[in-house]
Amino acid sequence: MLHIFIRAIRDILSNSFLNAVAVITIALSVLIISAFALFFINADAVMNIWTEGIRIMAYLEPGVPEKKISKITQEIQRMDGVQETRFIAKEEALEQFKAQIRGQSSLIDNLKENPLPDAFEIRMAEPFRNNWENFETLAMQIRAIPSVEEVEYGQKWLGRVIHILNLFRLAGYALGCLFFMATVFFVANTIRLVLYSRQEEIEIMRLVGASEGFIKDPFYIQSLIQGGLGGIIGLGTLFVTFNFIVGNWKLEIGTWKLGSVPNFEFPISNFEFGFLSPEISAGILLGSMFVGWLGCYLSLRQFLKV
Amino acid sequence: MLHIFIRAIRDILSNSFLNAVAVITIALSVLIISAFALFFINADAVMNIWTEGIRIMAYLEPGVPEKKISKITQEIQRMDGVQETRFIAKEEALEQFKAQIRGQSSLIDNLKENPLPDAFEIRMAEPFRNNWENFETLAMQIRAIPSVEEVEYGQKWLGRVIHILNLFRLAGYALGCLFFMATVFFVANTIRLVLYSRQEEIEIMRLVGASEGFIKDPFYIQSLIQGGLGGIIGLGTLFVTFNFIVGNWKLEIGTWKLGSVPNFEFPISNFEFGFLSPEISAGILLGSMFVGWLGCYLSLRQFLKV
Amino acid sequence: MQTFSNDNFIIRIFHVHKRYGPKNALIDIRFDVSENEFLFITGPSGAGKTTLLKMLNLGEPVTEGQIIIDGVNLSRISRSRIPSLRRKFGIIFQDYKLIPTKTVFENIALVVEAVGTKRRLIRKKVRSVLRTVGMEGKSKSLPPTLSGGEQQRVAVARAIAGNPRIILADEPTGNLDAESAGIIFELLREFHTRGATVILATHNTELIRRTGGRVILLEQGRLKTSTIIPKLT
Amino acid sequence: MQTFSNDNFIIRIFHVHKRYGPKNALIDIRFDVSENEFLFITGPSGAGKTTLLKMLNLGEPVTEGQIIIDGVNLSRISRSRIPSLRRKFGIIFQDYKLIPTKTVFENIALVVEAVGTKRRLIRKKVRSVLRTVGMEGKSKSLPPTLSGGEQQRVAVARAIAGNPRIILADEPTGNLDAESAGIIFELLREFHTRGATVILATHNTELIRRTGGRVILLEQGRLKTSTIIPKLT
Ligand SMILES: Nc1ncnc2c1ncn2[C@@H]1O[C@H](COP(=O)(O)OP(=O)(O)OP(=O)(O)O)[C@@H](O)[C@H]1O
Ligand SMILES: Nc1ncnc2c1ncn2[C@@H]1O[C@H](COP(=O)(O)OP(=O)(O)OP(=O)(O)O)[C@@H](O)[C@H]1O
Ligand SMILES: [Mg+2]
Ligand SMILES: [Mg+2]
């Protein structure tokens, strides 16, 4: 067993040019896939924060008693897709409104009575808020509650933004698939072409009576090593580059809140660029080893048919 | 000359497996690059529309005469980075404001006097608005104008969004470079490995006295054909896929305007997914031919050194 | 000429045809080879000698007919048993078939290892066969850097390295001077004395005359004659 | 033996050494070849025959010393003139060096085309040389599907296809039966009669004795003897 490893490594060293080509190809492929995954995961996080900011406001009739309010809260909370329900008393609403219209506050400075209603602010949970129809459905359900006078859920343009974000997300998945398939092709193919140059060797070994395992095992081990090495180099390069860029472009984002768009808030302060999770990294590494193995398997099968 | 072409094409046909590999590699590479370019160009267009929505508001002192207003307009228009300056009379502003606060319009229904000032709405031109500092600089310049009482240019979070968008844009460029370099490597390398299998042939031709041109020209022509074919297949696939997706996901976007964020508007209705321009497509095609040629050049140089 | 007792025939060839596309490379060949025979196959260029030897080693499939080696019918053998069958043969290919990217030592060690020699004995064994063919000084060279005759001697060394029961030698002295050829030929004769069956395809009529034995003459794919030539003294 | 008039020497070799790393493949070789000479080079396996022929064709660089061919010093030749110099030679390689992925016809057409034959004459010329070596039936075959002797005959056909002034033949009959070998040999003699210079490296002492001529014997890289052998009748 150990001896097969030694043969595989000796092979790698003696065909160093071709093996370097294979390893670089794998490393670049891993870099492409993982860099794009990183880009996409972070873009997705930003999009998510964006949709997280969308709220449904439910305005109550004047004079709903407190007991009923907590009942309504529970009712809303039980609805499909609701993440959080917050009650906003009309006094709080007025304060908020004043803050919103800073420049033109002269307008309401001398109001004697608070004309605003009590309200609920409702946020949707993650998978639901990626589809505008869910907002519409939920809004309709809430409107059906007695004591709810009016429901507002952002303007229609938010729905359009969600639509566009979804299109980009879709395009991102499509690109990711494309990149994945293309790199599988590149890697499998490079290993194939590398083995192509060793077809003669394989043929001769078979003719002098070497067993299939004796011939193939070193190739498999070799391609697993190449896959692993390429994966590590690719991910390592990405990690170093990522930290370098993020380190140099440190975002100085404090905590802040956008209150000016009714029913919308963009809590960008929550956002931090993150690297691929250890699970994803491990998956990529295993994937690159698998693809190495696959390339080897395909080419050996092709040669041995002859 | 014609005969060299015939030899090149005969070569392609007789090594059809290896040539198919080379063409597919080039096609996939072109697909990767151009799909990403398409994704990025469209994402960039969305980002641009976003930043296009940012306005600087300059509020005037009460009672500035009309003549002076047109002078100020011209002054602002001459400033660096200004795209458009629009005067908003206080009557117009009040109408807008009423529209904005729909739900709570009871607040201003019985105002006797318009408390709002006259204002200018200023938009920045394209390269300038990608940097938040330009907004700050311009705002300062405008504030320095006599008769301008106050300048507002959106909240700080817009700056942060621009910052994040710029980071994504940078990451996009970096990814694009990475993809470009990687695919150049893949293509050059595949052609190299394909020629590797013909090293013996080249060596023999030289030994029997064939001239360098006689040996090399068919290879060059062959790799140009491969590059062109791969480029056409890659771009063609992208074009068909793009039209399929865009056709099925038609955006039903009317014209609308977001007025609720002060000094900000997101005219997403202007947005339409566009394919790569003919210039870029032609560039990609030429590029793929060049890379094919390059791979050929590199491998021939390597072999002929021996 | 053909008895049907199986015992002392190590190779039996029944009505074998070999076609490459439309080309008839071998037509209705039949003969048997006894255990420990020294058999010559001769005939003009393109007669089918190499094709015949290749089929014995399963390097080419039989188009029609049967070949039985050591009781095993080659048309019915399972894939997994092919390597062990091939290890019964030591084969010297007309074009040597050395692995160009492995050293002379490695080329031979491969066979020694494949027949299951203990690891620590491999080195010794390889050295000894290289010495026998006079190539001990070139064990670290790559085959493409050897002269034609040197490559041929390495091919011979590889063929005998696994102590095979049957040696198939295809024109093993074509690139050798008379002296080296003599050495190789003595080597094959020695193996024969020690019990191996030797089948030798050659154009070298002098060698045949010197040794004597059964000579099968192929011509355009047909077995023309099979004669016993007495040993020249 | 060496006169220094340049006129009738087509090849002049002065104090040539060839080293492969530490290995001395040729040591202080010097001799001249007259125009239209028929020269044999012989010697045991590994003596340096192939190395010497390769150097004449610029297939290997000279380590030390000078080779002058038709007035051109090989050490001083510019890269761009190498192909035209090589076209003066027709060379039969010991390992044939046929392009495995091109048909027999294409392999030969290559040379015919390279020497600048008019396109419409190429086909005729290739057919005619293939007929000369008895391979007209195999023009569409790929070299790996040919028998050893057939490949050797194609190699001979390619060497003579360009009507070269000098023929370098490295063991051109090693894989041929006596009859085919005789045909090839007659072919070379005919070229010689028509004015070509022929240098033939071989182990086949019978051929040498039959033809007669100058024989250069190499041994371990040194020129041992250079003798004129009278033609046997
Ligand atoms: N793979 C192949 N495909 C097609 N024809 C082949 C193939 N191998 C051999 N042949 C043909 O079969 C015939 C017999 O070939 P073989 O190699 O057996 O001859 P041989 O007797 O060994 O000749 P030589 O003495 O020249 O080596 C030849 O005409 C050859 O061209
Ligand atoms: N490329 C090379 N690198 C190292 N050594 C070489 C190389 N080519 C030849 N040699 C060595 O140089 C010596 C002479 O080789 P050469 O091929 O000239 O012999 P030869 O006389 O043609 O022998 P043969 O009759 O066996 O063909 C041999 O010992 C060979 O191993
Ligand atoms: Mg043969
Ligand atoms: Mg030689």
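Here the residue index of a chain counts from 1 through its sequence in written order. Lettering for chains starts from A, numbering for ligands starts from 1, and both go in the order in which the items are written. Where local features are concerned, this predicted model is filtered to residues with pLDDT of at least 70; where side-chain atom pairs are given and counted, the filter is 80 or more; whole-chain, interface and lining totals use all residues. Side-chain numbers here rest on the full set of heavy atoms in the structure, without hydrogens or water.

A. Just the overall build of chain C, in detail. The way it works is that DSSP assigns letters per residue, a run of H or I at least four long becomes a helix, a run of E at least two long becomes a strand, and they are numbered from the N terminus. Of the regular secondary structure elements, chain C holds seven helices and ten strands. Three exposure classes are used, based on accessible area relative to the maximum for each residue type with a 1.4 Å probe and protein chains only: buried under 20%, partly exposed in between, and exposed over 50%. For chain C, with 233 residues in total, the buried portion stands at 57%. Long-range contacts, defined here as pairs at least 24 residues apart, represent 65% of the contacts in chain C between residues at least 6 apart. Only the protein chains shown count as cover for residues, with accessible areas throughout obtained via the Shrake-Rupley method and a probe of 1.4 Å. Surface summary for chain C: the accessible area is close to 10,300 Å², and the carbon and sulfur share equals 50%. The convention is simple: Lys and Arg are positive, Asp and Glu are negative, and His and the chain ends are not counted. Here the site of a charge means atom NZ of a Lys, CZ of an Arg, CG of an Asp or CD of a Glu. Side chains of chain C give 36 positive and 21 negative charges; the mean places of these two sets differ by 6 Å. Should any heavy atoms of two residues lie within 4.5 Å, those residues are considered in contact.

B. Representation of the overall build of chain A within the structure. Across its full length, chain A carries nine helices and four strands. In sequence order, chain A lays out its α and β elements as α-α-β-α-β-α-β-α-β-α-α-α-α. Per-residue burial over chain A gives 53% buried out of 306 residues. In chain A, once contacts between residues fewer than 6 apart in sequence are set aside, the share between residues at least 24 apart is 84%. Here chain A has roughly 14,200 Å² of accessible surface; of this, 61% comes from carbon and sulfur atoms.

C. Spatial organisation of the coordination of the magnesium ion (ligand 4). All names here are of chain D. In this analysis a donor is any N, O or S atom within 2.8 Å of a metal ion (3.2 Å for sodium, potassium and calcium), and since water is not included, sites may seem incomplete. Distances from the magnesium ion (ligand 4) to its protein donors, T50 (OG1) and Q94 (OE1), fall within 1.8 to 2.1 Å. With T50 in helix α1 (residues 49–56) and Q94 in the loop between β6 (89–92) and α3 (104–114), the pair connects residues that are 44 residues apart, well separated along the chain. Accessibility classification places T50 together with Q94 in one group, the buried group.

D. Inspection of the interface of chain C and chain A at higher detail. Residue-level contacts link 19 residues of chain C with 16 residues of chain A. Salt bridge, as used here, is a side-chain nitrogen of Lys or Arg placed within 4 Å of a carboxyl oxygen of Asp or Glu. Applying the counting criterion to the chain C and chain A interface returns one salt bridge. Two residues, K102 of chain C and E201 of chain A, come together in a salt bridge whose shortest N-O distance is 3.3 Å. The term polar contact refers here to a pair of N or O atoms within 3.5 Å; inside protein, the definition further demands a hydrogen-donor-capable atom paired with an acceptor-capable atom, and it admits residues adjacent in sequence only when both atoms are side-chain atoms. Our enumeration of links across chain C and chain A arrives at four residue pairs in polar contact (both at pLDDT 80 or more). Of all the elements in the fold, those that place two or more residues in the side of chain C that touches chain A are α2 (82–86) and α3 (104–114) of chain C. Among the elements that take part in the side of chain C that touches chain A, α3 of chain C stands out by supplying four residues, more than any other. All residues other than Ala, Val, Leu, Ile, Met, Phe, Trp, Tyr, Cys, Pro, Asp, Glu, Lys and Arg, Gly among them, are scored as polar; the first ten of these are nonpolar and the last four charged. Of the residues assigned to the side of chain C that touches chain A, the class counts are eight nonpolar, three polar and eight charged.

E. Region of interest: the side chain of K18 of chain D. Residues and elements named next belong to chain D. Topologically, K18 is positioned in strand β1 (residues 9–20). At 2.7 Å, the side chain of K18 forms a polar contact with the backbone oxygen of P61. Residues within four places of K18 in sequence aside, it is in contact with K23, N24, A25, L26, T51, M55, E60, P61 and T63.

F. Fine view of the site of ligand 2. We call a residue near a given molecule or strand whenever any one of its heavy atoms falls within 4 Å of it. The environment of ligand 2 is made up of 19 residues, and the closest members are S147, G149 and E150 of chain C together with T50 and T51 of chain D. Here T145 of chain C contributes a backbone N or O atom positioned 3.1 Å from a nitrogen atom of ligand 2. Contact with the protein chains covers 91% of the free accessible surface of ligand 2, which is 630 Å². When contributions to the shell around ligand 2 are tallied by element, the ones reaching two or more residues are α5 (148–161) of chain C together with β2 (23–34) and α1 of chain D. The class makeup of the residues in the shell around ligand 2 is four nonpolar, eleven polar and four charged.

G. Spotlight on the packing of aromatic side chains. Between rings of Phe, Tyr and Trp, where Trp is taken as its six-membered ring, a pair exists when centres lie within 6.5 Å; planes separated by under 30 degrees are stacked, by over 60 edge-to-face, and by other angles tilted. Throughout the structure, instances matching the rule amount to 37 aromatic pairs over all chains. With a centroid separation of 6.4 Å and 80° between ring planes, the pair formed by F36 of chain A and F36 of chain B is classed as edge-to-face. Residue F36 of chain A is located in helix α2 (residues 16–52), and its partner F36 of chain B is located in helix α2 (residues 16–52); the two belong to separate chains. Here F36 of chain A and F36 of chain B have matching classes, each one buried. Considering the side-chain rings of F168 of chain A and F39 of chain B, the 5.9 Å spacing of their centres and the 80° angle between planes classify their relative orientation as edge-to-face.

H. Representation of the pattern of salt bridges within the structure. Per the stated rule, a full pass over the model turns up 43 salt bridges over all chains. As a salt-bridge pair, R198 of chain A and E201 of chain A come within 3.0 Å of each other at their nearest N and O atoms. Each member of the pair R198 of chain A and E201 of chain A is classed as buried. Between E190 of chain D and R194 of chain D there is a salt bridge, with the nearest N and O atoms lying 3.4 Å from each other. Taking relative accessible area as the criterion, R194 of chain D reaches 57% and is therefore assigned exposed.

I. Main features of α5 of chain C. All names here are of chain C. To estimate how far a helix should extend, the number of its residues minus one is multiplied by 1.5 Å. Helix length check: α5, at 14 residues, gives a terminal C-alpha distance of 20 Å against a target of 20 Å (1.5 Å per residue), a fit within 8%. Of all 14 residues making up α5, 14 are buried, and the element is well covered by its neighbours. Backbone geometry just after α5 places N163 at a positive phi near 45°.

J. Up close: the sheet that holds strand β1 (residues 9–20) of chain C. All names here are of chain C. Pairing is antiparallel in the open sheet, where four strands are placed in the order β2-β1-β4-β5. For this open sheet the edge positions go to β2 (23–34) and β5 (72–73), each flanked by a neighbour on one side alone. As paired strands, β1 and β2 are joined by eight bridges and run antiparallel to one another. When the sheet's bridge partners are listed, Y20 is paired in β2 with K23. Along the sheet, helix α1 (residues 49–56) contacts β1, β2 and β4 (64–69); its crossing angle with β1, the most-contacted strand, is approximately 120°. Two strands qualify as a pair provided that DSSP identifies no fewer than 2 bridges between them. Helix axes are fitted only over the stretch in contact, all axes being lines through C-alpha atoms; the angle between N-to-C directions runs from 0 to 180 degrees.

K. Representation of the site of ligand 1 within the structure. Taken together, 19 residues form the shell around ligand 1, and within it T50 and T51 of chain C together with S147, G149 and E150 of chain D come nearest. In this structure ligand 1 sits where residues from chains C and D come together. Within the backbone of G148 of chain D, one N or O atom sits 3.3 Å away from an oxygen atom of ligand 1. Within the side chain of E150 of chain D, an N or O atom sits 2.6 Å from an oxygen atom of ligand 1. Elements supplying a minimum of two residues to the shell around ligand 1: β2 and α1 of chain C together with α5 (148–161) of chain D. Considering only residue class, the shell around ligand 1 consists of four nonpolar, eleven polar and four charged.

L. Summary view of the packing of helix α4 (residues 119–132) of chain D against α5 of chain D. Residue and element names in this part refer to chain D. Across the interface, α4 lies against α5 with an axial gap of 9 Å and an inter-helix angle of 135°. The angle between α4 and α5 falls in the class oblique. Considering only the axes of α4 and α5, their crossing is right-handed. Of the residues in α5, those touching α4 at K125, V129 and L130 are A157, I160 and A161. Looking at the contact of α4 with α5 residue by residue, the class counts come to five nonpolar, no polar and one charged. Note on angle classes: values under 35 degrees are labelled roughly parallel, values over 145 roughly antiparallel, values of 65 to 115 roughly perpendicular, and the remainder oblique. It is the rotation of the near helix from the far one that decides the hand of a crossing: anticlockwise by less than a right angle makes it left-handed, clockwise makes it right-handed.

M. Fine view of unusual backbone geometry. At S147 of chain A, a residue that is not glycine, the phi angle is positive and equals roughly 80°. Secondary-structure assignment places S147 of chain A in the loop between α5 (132–143) and β4 (148–152). With relative accessibility at 8%, the residue S147 of chain A sits in the buried group. The phi dihedral of N36 of chain D is positive, around 60°, even though this residue is not glycine.

N. Expanded view of helix α7 (residues 199–207) of chain B. Taken together, the buried positions of α7 of chain B are E201, I202, I204, M205, R206 and L207 of chain B. Immediately downstream of α7 of chain B, the backbone of G209 of chain B shows phi near 95°, a positive value.

O. Seen up close, the sheet that holds strand β3 (residues 38–42) of chain D. Residues and elements named next belong to chain D. What the six strands build is an open sheet, ordered β6-β7-β8-β3-β9-β10; its pairing is mixed. Taken across any chain shown, the strands that pair with only one partner, and hence form the sheet edges, are β6 and β10 (222–229). For this sheet, the mean angle separating the axes of adjacent strands, direction not counted, is 15°. The pairing of strand β7 (residues 166–170) with strand β8 (residues 197–201) spans five bridges and is classified as parallel. Its bridge partner lying in β8, A169 is registered against L200. Relative to the sheet, α1 contacts β3, β6, β7, β8 and β9 (213–219), its axis offset from that of β7 by approximately 150°. Where helix α6 (residues 178–193) meets the sheet, its contacts fall on β3, β7 and β8, and the angle it forms with β3 comes to roughly 135°.

P. Summary view of the environment of A174 of chain A. Residues and elements named next belong to chain A. Take A174: it is sitting in helix α6 (residues 156–196). Residue A174 is classed as partly exposed on the basis of its relative accessible area, which comes to 37%. Placed 124 residues apart in sequence, A174 and W50 show a C-alpha to C-alpha distance of 22 Å.

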